[in-house]
Structures are given as C-alpha cells and as structure tokens.
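Structural description and commentary
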Amino acid sequence: MNEARRSLDDGRWRQVAAGAGLLAPDGSVASTIFAEMSALATRTGAINLGQGFPDVDGPEHIKEAAVAAIRAGDNQYPPGAGRRELCLAVAQHQDRHYGLSVDPETEVLVTAGATEALAATLLALAGPGDEVVTLEPYYDAYAALVALSGATHRTVPLRPTPTGFRVDPVDVRAAVGPRTRVILVNSPHNPTGTVLSRDELSVLAAAAQEHDALVVTDEVYEHLTYDGAEHVPMATLPGMAERTLTISSAGKSLSFTGWKVGWLHGPAELVVAVRTVKQYLTYVTAAPFQPAVAVALADEDGRTGEYFTDLAGSLARRRDLLCAGLEAAGLAPVTPRGTYFVVADGAALGYDDGVELCRELPDLAGVVAIPVSAFCAPAGQGAGALRSYVRFTFVKSEDVLTEAAGRLARLRR
C-alpha cells in the first residue's frame, strides 16, 4: 500500500494536474471558479448567467428520433468511427455549407462531444517537446488538455479594440515557431463572442504553413452568428484542408448539450491517429442519439434549417436585451457576433478585478457571471489585459434575461 501510495505521490499525473491548475495547494482537486459561482447562485438565489447551457430543449422532432431509436433497440455499441448515417450527414453538412469534400468512410469520427474530440486529438498529435498555440482567452479545457498531452501551451492574445476582440499578426508571429505542432483555433470564440475574419484566419493559416504545423479548429458555435458575421472554416482556406482537423457538435447548434454527440473530420491519416486514442477514452458514444443527430443534419432544408435560423435570430434578440441591461447597469459590454456569451468590462464600475466583481455580484445585483481571467493563463498577456472583464451568457429565456437586466440596474444606484 505504501509503495502504491508513493508511486501516486511521485507520479506524472500530479505534475500535469498541478501545471494545469487542477490541484489545490494541499493536493486535493482544485475547485474551479465555475463551481464557486454556481454554488454562489444556489446559496444566494442569484440568476446564474455564468454557465452556458440552454434552459429549453432543442427541436421535438429530433427528440422523437432519439426515442424511436431507443425503442427500436439501438442501445448497444455503435461502430467505432460512429454510425454510418451520422458520418454521412456530417460530410453532407460540410459540403452543403462550406463546399468541403469529406469522405464519410475514412475522414469522419464521431466523439463524446467536442471536448473528447479535442482531448483525443491533442493526445494523438502533440507531446513533450511540442508546442500547442491557442487564442487567449480560451475555453478552459484547452490548458488542461495541452498539459495532459505533455506539450507546452503558448497563446495569441485576443486584444480588445473598438470593433471587438481582434488577432494581431505580430502576436501570431511571436507565438508560432519551429516547435509549434498544433494551432488550436476557436471561432466563433468562447468566451469573447468574436467571429474571426477571413484575414485573421489567413494569418494563422500562413503561420501554420510556414512552420509545418497542424491546425485544429473548434467550430461548435458555427451556426450561432449574428449581424451578418460569416463563419469561415479554416479548412476552406487555400492549402489548409490537408493539415486541418475540424471539430463541431450537436450540443450548441441543436441545444442538446447533454447528449454529448460531437465529431471531427480531416485527412484520413490524422483521423486514424485520433481514433486510435479515442477508442481508449470512451470507446464509442451515445448509440441512440447518433441516428437522431443524423436526422437533424439531414433535415436542414426542413425543420432543422428553420430551427437554426430561428435560434440565431432569437439569440441575437436576447443578446441585445442583455447588452442593453449591462450598459444600463454601468458596465461596458463588447457586443458579440457569435456564440451565446458576452463579455463586459467591470472597470467602468470601478472594478479592476473581475474575480472580485463576480464574487460580489450575487449580493449586489442577484446575478452570477464568470471572470474572463478564468479563461486565461495566470501569467499570460490576457490575464492582465482582461483582468477587469467578466462573462455573461444570454442563452436563457427572455423572461430570465429581463429579470437579470432589472437586477443589474441596482448597480447604478
């Protein structure tokens, strides 16, 4: 027992977990700011605009397709790469929307949500001695997954400008170099709501080509864009399809976050590498939900297409409602053009620390948010430049957001 305990104490897992901020100083599992804010919401009765999940389900016909699959006995292990009809639907979706030619037999892999796709990809493609470059701020799982791979995490800061958060080519050239193995791009971007322009993506693509790096794109918010913003997949840029793995999921676009049905596609040899790792993670996933998601993607000329359009329009209205409430409260929101998050600068209210503001908001205004510093490396450029920013979600009902806006108005008093 003592020898086993010693091996755990000295194990690499501890170094990895500590480096990713997953352990508390006493060696216990570190509590995240997300858990802290959710507990605050529960304790104070505050409206939780910190966590990004819908408060309503997706389309009924897709739920009924899942029920039909369960009743038909589709409850055992599906094929390792995913149900053929879903792989085909993903390939057709990419062709229909972006003109990408994808082989459903060899170039698509179904995963347990986008997060598993990211995990399996980084574990397969990056390791000690490699560098993985992400934008900063970043989806919080990125840092942990890079640490688990053994690679070094480097970042390109998204800088606040009068037109939103933008990528500076100088920052890209500083971050991407000969040790860069993967450039991980997230657009539409969580947490800022930025939709990267074709020019910004081209800068990242050129850096990848110059240093022979692979590109992994997290496009889970691909259908949630506003004000005419165009989502441009990296794989559609010249010379990029052969070095890009594209990741998406049904969770955000279809409002079924709990189903955990994701997918990736890209060159067959890269998909094989990722599948080799993925089979030892979840092995397979969500047997009856895969055919239901296939039904959804194959129905984009019908009810699913209407749902995408209606959801984006509804979210744009809810975004505007929340942004107006934030402005009325004295905060300075940066209007997002994608996702279902908005960030706001608390400095306008005299808060130079977003963590402090978020911890006081439940008592001050009965609302919970997340500090943007939670999405930044502790010593990174983003943690300093965005220290006063906080993130809210608007993927809640209009009644909830109206109530939240009214509560936030207390900050002005």
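Let me begin by describing the structure that accompanies this report. (Residues numbered from 1 in each chain as written. Predicted model: local features only at pLDDT ≥ 70, side-chain atom pairs only at ≥ 80, totals over all residues. Heavy atoms only, no water.)

Moving on, we get to the pairing of strand 5 (residues 164-167). For a regular strand, side chains alternate in direction, first toward one face of the sheet and then toward the other. Relative to strand 5, strand 4 (residues 152-161) runs antiparallel, the two sharing four bridges. Each bridged residue has a counterpart across the sheet, and for Thr 161 the counterpart in strand 5 is Gly 164. Connecting the antiparallel pair strand 4 and strand 5 is a turn made up of two residues. (Pairing = 2+ DSSP bridges. Helix = DSSP H or I, 4+ residues; strand = E, 2+ residues; numbered from the N terminus.)

Here the focus is the sheet that holds strand 7 (residues 214-218). The strand order across the open sheet formed by eight strands is 2-9-8-7-6-3-4-5, and the pairing between neighbours is mixed. Unpaired on one side and paired on the other, strand 2 (108-111) and strand 5 mark the two borders of the sheet. Strand-to-strand, the axes of this sheet are offset by a mean angle of 25°, without reference to chain direction. With respect to the sheet, helix 11 (residues 268-278) is in contact with strand 2, strand 7, strand 8 (244-249) and strand 9 (262-265), its orientation differing from that of strand 2 by roughly 25°. (Axes fitted to C-alpha atoms, helices over the stretch in contact; angles between N-to-C directions. Contact = heavy atoms within 4.5 Å.)

Before going further, it helps to spend a moment on a nonpolar patch on the surface. Together, Leu 123, Leu 148 and Leu 281 make up an exposed nonpolar region whose accessible area comes to about 240 Å². Position of Leu 148 relative to the elements: it lies in helix 7 (residues 141-149). Leu 148 gets classed as partly exposed once you look at its relative accessible area, which sits at 44%. (Patch = residues over 30% accessible without salt bridge, like charges linked within 9 Å, V, L, I, M, F, W, Y side chains within 5 Å. Areas by Shrake-Rupley, 256 points an atom, 1.4 Å probe, with all protein chains shown as cover. Salt bridge = Lys/Arg side-chain N within 4 Å of Asp/Glu carboxyl O. Buried < 20%, exposed > 50% of the residue type's maximum accessible area, 1.4 Å probe, protein only.)

If you check which residues of helix 11 are buried, you get Leu 270, Val 271, Val 274, Val 277 and Lys 278. End-on, the buried residues of helix 11 take up no more than an arc of 120°, which puts them together on one face. Across helix 11 from its buried face, at more than 90 degrees, point the exposed residues Glu 269 and Val 272. On its buried side, helix 11 packs onto strand 2, helix 6 (113-125), strand 7, strand 8 and strand 9. (Arc of directions from axis to C-beta.)

With the rule as written, the count across this model stands at nine aromatic pairs. On the numbers, 5.9 Å between centres and 70° between planes, the contact of Phe 165 with Tyr 389 is edge-to-face. With Phe 165 in strand 5 and Tyr 389 in strand 14 (residues 389-393), this pair connects stretches of sequence that are 224 residues apart. Neither Phe 165 nor Tyr 389 differs from the other in exposure class; each is buried. Residues Tyr 221 and Tyr 340 carry aromatic rings whose centres are separated by 5.4 Å and whose planes lie at 85° to one another, so their mutual orientation is edge-to-face. Here Tyr 221 is found in the loop between strand 7 and strand 8, whereas its partner Tyr 340 is found in the loop between strand 10 (332-334) and strand 11 (341-345), with 119 residues between them in sequence. Each residue in the set Tyr 221, Tyr 340 and Phe 341 is aromatic and connected to the rest through ring pairs, giving one cluster. (Phe/Tyr/Trp six-rings, centres within 6.5 Å; stacked < 30°, edge-to-face > 60°.)

Turning to the sheet that holds strand 10, a few remarks are in order. Across the sheet, which stays open at both edges, the four strands sit in the order 10-11-14-13 with antiparallel pairing between neighbours. At either margin of the open sheet sits one strand with a lone partner, and together these are strand 10 and strand 13 (370-371). The pairing of strand 13 with strand 14 spans two bridges and is classified as antiparallel. Bridging from a neighbouring strand, Pro 371 pairs with Val 390 of strand 14.

The element strand 8 is largely enclosed, with a buried count of six among its six residues. Of the two faces of strand 8, the one carrying Thr 244, Thr 246 and Ser 248 and the one carrying Leu 245, Ile 247 and Ser 249 are both buried. Bridge count between strand 8 and strand 9: four bridges; the pairing is antiparallel. For Ser 249, the partnering residue across the bridge sits in strand 9 and is Gly 262.

Let us look at the pattern of salt bridges. Evaluated as defined, the whole model comprises 18 salt bridges. Across the pair Arg 159 and Asp 171 runs a salt bridge, and its minimum N-O distance is 2.7 Å. Taken as a pair, Arg 159 in strand 4 and Asp 171 in helix 8 (residues 169-175) lie far apart in primary sequence, 12 residues in all. The class of Arg 159 is partly exposed, set by a relative accessible area of 32%. Each of Asp 57, Glu 60 and Lys 63 takes part in a single network of salt bridges with overlapping partners.

To continue, consider the environment of Thr 282. Mapping Thr 282 onto the fold places it in the loop between helix 11 and helix 12 (289-298). Here the alpha-carbon distance between Thr 282 and Ala 229, two residues 53 residues apart in the chain, equals 35 Å. Once residues lying within four places of it in the same chain are set aside, the contact partners of Thr 282 are Ala 112 and Glu 116. A distance of 2.6 Å separates the side chain of Thr 282 from the side chain of Lys 278, its partner in a polar contact. (Polar contact = N/O pair within 3.5 Å; in protein donor to acceptor, adjacent residues only side chain to side chain.)

With that out of the way, let us pick up the nonpolar core. Grouped together as the largest cluster of nonpolar side chains are 99 residues, with contacts concentrated most on Phe 392 and Leu 408. The element that contributes the greatest number of residues to this core is helix 13 (residues 303-328), accounting for nine residues. With residues up to four places along the chain from it excluded, the contact list for Phe 392 reads Leu 49, Leu 322, Leu 326, Leu 331, Tyr 340, Phe 341, Val 342, Ala 344, Leu 361, Val 367, Val 368 and Ala 369. In this structure, Ala 175, Leu 204, Val 215 and Cys 376 belong to the second largest nonpolar core, which totals 29 residues. (Core = buried A, V, L, I, M, F, W, Y, C linked by side-chain atoms within 4.5 Å.)

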